[in-house]
Amino acid sequence: MNRITRIAVATVIGIGLSRVMPPENEAKADAEAPELHPIVVSLKGAPSFKWSTPGTPYLDSLRIRFDLDAMTEDARTDLDRVEILSSWVRTQWDHDGENQPRHNDPISILEEASEGQQFRCVEYATVLSGAINSLGMPARVLNLKTADSEVRASGAGHVVTEAYLRDARRWIMVDGQYDVIPTVYGKAVSAYELKKAMKARSAGIVFKSNSGTHPGEYARWIAPYLHFMDARLDQRLGVAGDSRTLMLIPAGTRPPRAFQRAPLKNTIYTTAPAAFYPTPAVARTASKKRAPTAPVAALTVRVTKRAG
């Protein structure tokens with residue numbers, strides 16, 4: 001495979017907003033990003049994300065074992081459900097930025113937490129994503145990176161969850177470590193939309209939290225981490241699947257080839273938010289409470305805890 005072909009495979013370029021999809025047959029090069037040239041891959045050819053199907057044995061085990069249906073039975077909207085699950089995950093352990101679980105799936109993490117183990121932001125995002133997915137909403141673990149994440153030895157990233165609200169038809173960011181959901185003018189927003197609003201110094205940014213997170217401190221802390229963002233294409237639990245990652249980078253910037261000095265592998269880059277925020281093929285309204293398939297052993301504050 002020659003160099004140009006490798007660049008073509010590893011690069012996805014397009015123009016779009018998270019709410020406005022350009023025509024599939026229209027792919028525009030980013031003249032300000034020579035590092036991503038010369039081949040443009042259309043949105044139609046962009047890689048696809050995969051999610052666990054609700055009702056799979058693993059998700060049913062997670063949902064039933066931790067009684068997530070009962071926990072969210074009074075919720076009226078998908079956003080209500082996400083808020084409840086975020087507050088629940090936040091209370092399962094105290095943050096430890098160094099400790100890692102023996103296994104990185106939600107049930108295993110919760111089992112170790114019940115034994116007194118404490119974990120990183122990665123584990124909050126993993127458990128929250130699994131819990132949300134078990135209730136029928138597509139969710140993913142989202143890695144956030146600073147602009148200098150290639151050269152920093154540590155502290156260059158944070159990990160959150162993004163969930164797709166079926167009833168609102170939009171992606172939103174949820175930080176399980178701090179139990180925070182950002183909103184802009186009353187609407188919960190994705191990490192990308194939060195980034196745009198913070199860059200524009202919008203007066204409409206509000207961080208919702210039921211755990212007492214200080215909005216000003218959180219706003220100052222999260223802002224640098226919103227430069228690059230990536231997610232694994234295959235978000236299914238219990239499936240080896242596709243190991244590739246799609247990274248959304250700002251137009252005109254050079255794509256990072258390393259994270260904290262370690263080379264990035266299997267990474268595809270895009271400047272098109274529409275490619276990074278697809279519309280999942282799911283029911284548009286919240287599903288009703290499901291019966292077990294098998295036995296299984298706001299406080300709203302305006303922007304004006306430090307994360308680890």
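Remember, predicted model here, so these are calculated numbers, not experimental data. (Residues numbered from 1 in each chain as written. Predicted model: local features only at pLDDT ≥ 70, side-chain atom pairs only at ≥ 80, totals over all residues. Heavy atoms only, no water.)

**As for the pattern of salt bridges**
Next up, step 1: The tally for this structure, following the rule as stated, stands at 16 salt bridges.
Next up, step 2: Between R166 and D78 there is a salt bridge whose closest N-O contact spans 2.6 Å. One end of the pair, R166, is in the loop between β3 (157-165) and β4 (170-174); the other, D78, is in helix α4 (residues 78-90), with 88 residues separating them in the sequence. Per residue, the accessibility class of R166 equals that of D78, and both read buried.
Next up, step 3: Connected through shared salt-bridge partners, D60, R63 and D69 make up one network. (Salt bridge = Lys/Arg side-chain N within 4 Å of Asp/Glu carboxyl O. Helix = DSSP H or I, 4+ residues; strand = E, 2+ residues; numbered from the N terminus. Buried < 20%, exposed > 50% of the residue type's maximum accessible area, 1.4 Å probe, protein only.)

**Here we look at the pairing of strand β8 (residues 228-232)**
Next up, step 1: For β8, the buried fraction is high: four of the five residues fall into the buried class.
Next up, step 2: For strand β2 (residues 139-145) and β8, the ladder comprises two bridges, and the chain directions are antiparallel. Pairing of L144 across the sheet is with M229, part of β8.
Next up, step 3: Of the strand pairs in this sheet, β8 and strand β9 (residues 245-248) are connected by four bridges, and their pairing is antiparallel. Of the residues in β9, the one forming a bridge with R232 is T245. (Pairing = 2+ DSSP bridges.)

**Considerations on the packing of aromatic side chains**
Next up, step 1: Applying the stated criterion across every chain yields a total of 14 aromatic pairs.
Next up, step 2: Here W93 and F119 contribute two aromatic rings whose centre-to-centre distance is 5.7 Å and whose plane-to-plane angle is 80°, an arrangement assigned as edge-to-face. Of the two residues, W93 sits in the loop between α4 and α5 (106-114) while F119 sits in the loop between α5 and α6 (121-134), which places them 26 residues apart along the sequence.
Next up, step 3: On the accessibility criterion, W93 (4% relative accessible area) is buried.
Next up, step 4: Assessed through its relative accessible area of 0%, F119 is described here as buried.
Next up, step 5: Summarising the aromatic geometry, the rings of W171 and Y277 are spaced 6.4 Å apart at their centres and angled 65° between planes, so their arrangement reads as edge-to-face. Note that W171 is positioned in strand β4 and Y277 in the loop between α9 (273-276) and β13 (300-302), a separation of 106 residues in sequence. Side by side, W171 and Y277 carry an identical accessibility label, which is buried.
Next up, step 6: In this structure an aromatic cluster arises from ring pairing among F49, W51, Y164, W171, F276 and Y277.
Next up, step 7: Taking the ring centre of W171 as reference, the NZ or CZ of R140 above it sits at 4.7 Å. (Phe/Tyr/Trp six-rings, centres within 6.5 Å; stacked < 30°, edge-to-face > 60°. Lys NZ or Arg CZ within 6 Å of the ring centre and 35° of its normal.)

**With respect to the nonpolar core**
Next up, step 1: Counting 32 residues, the largest nonpolar core has L144, M229 and F276 as its most contacted members.
Next up, step 2: Once you skip the residues sitting within four places of it in the chain, M229 turns out to touch L142, N143, L144, A191, Y192, K195, L246, M247, L248, F276 and Y277. (Core = buried A, V, L, I, M, F, W, Y, C linked by side-chain atoms within 4.5 Å. Contact = heavy atoms within 4.5 Å.)

**A word on α5**
Within an α-helix, residues lying three or four positions from one another point in the same direction, as the helix has 3.6 residues per turn.
Next up, step 1: Most of α5 is tucked away: seven of the nine residues are buried.
Next up, step 2: Among all positions in α5, only P106, I107, S108, I109, L110, E112 and A113 are buried.
Next up, step 3: Its buried side turned inward, α5 meets α2 (57-65), α4 and α6.
Next up, step 4: In the stretch just after α5, G116 is the one whose phi turns positive, near 100°.

**Observations concerning the confidence of the model for the chain**
Next up, step 1: Per-chain confidence: the chain averages 81 in pLDDT, with 77% of residues scoring 70 or above.
Next up, step 2: Counted against residues more than four places away or in other chains, residues 1-41, with its pLDDT under 50, gives 66 contacts.
Next up, step 3: The model gives residues 283-308 a pLDDT under 50, and that stretch makes 63 contacts with residues more than four places away or in other chains. (pLDDT = per-residue confidence, 0-100.)

**Considering the packing of α2 against α6**
Next up, step 1: In the contact formed by α2 and α6, the axes pass within 9 Å of each other and the chain directions differ by 95°. In this view, α2 runs roughly perpendicular relative to α6, as classed from their interaxial angle. Taken together, the residues of α6 that come into contact with α2 (itself represented by L59, L62 and R63) are G130, A131, N133 and S134.
Next up, step 2: In terms of residue class, the contact of α2 with α6 is built from three nonpolar, three polar and one charged. (Axes fitted to C-alpha atoms, helices over the stretch in contact; angles between N-to-C directions. Parallel < 35°, antiparallel > 145°, perpendicular 65-115°, else oblique. Nonpolar A, V, L, I, M, F, W, Y, C, P; charged D, E, K, R; others polar.)

**Describing the environment of G241**
Next up, step 1: Position of G241 relative to the elements: it lies in the loop between β8 and β9.
Next up, step 2: The exposure class of G241 is partly exposed, given its relative accessible area of 47%.
Next up, step 3: Here the alpha-carbon distance between G241 and K50, two residues 191 residues apart in the chain, equals 9.2 Å.
Next up, step 4: Leave out the neighbours within four places in its chain, and G241 touches R232, D234 and R236.

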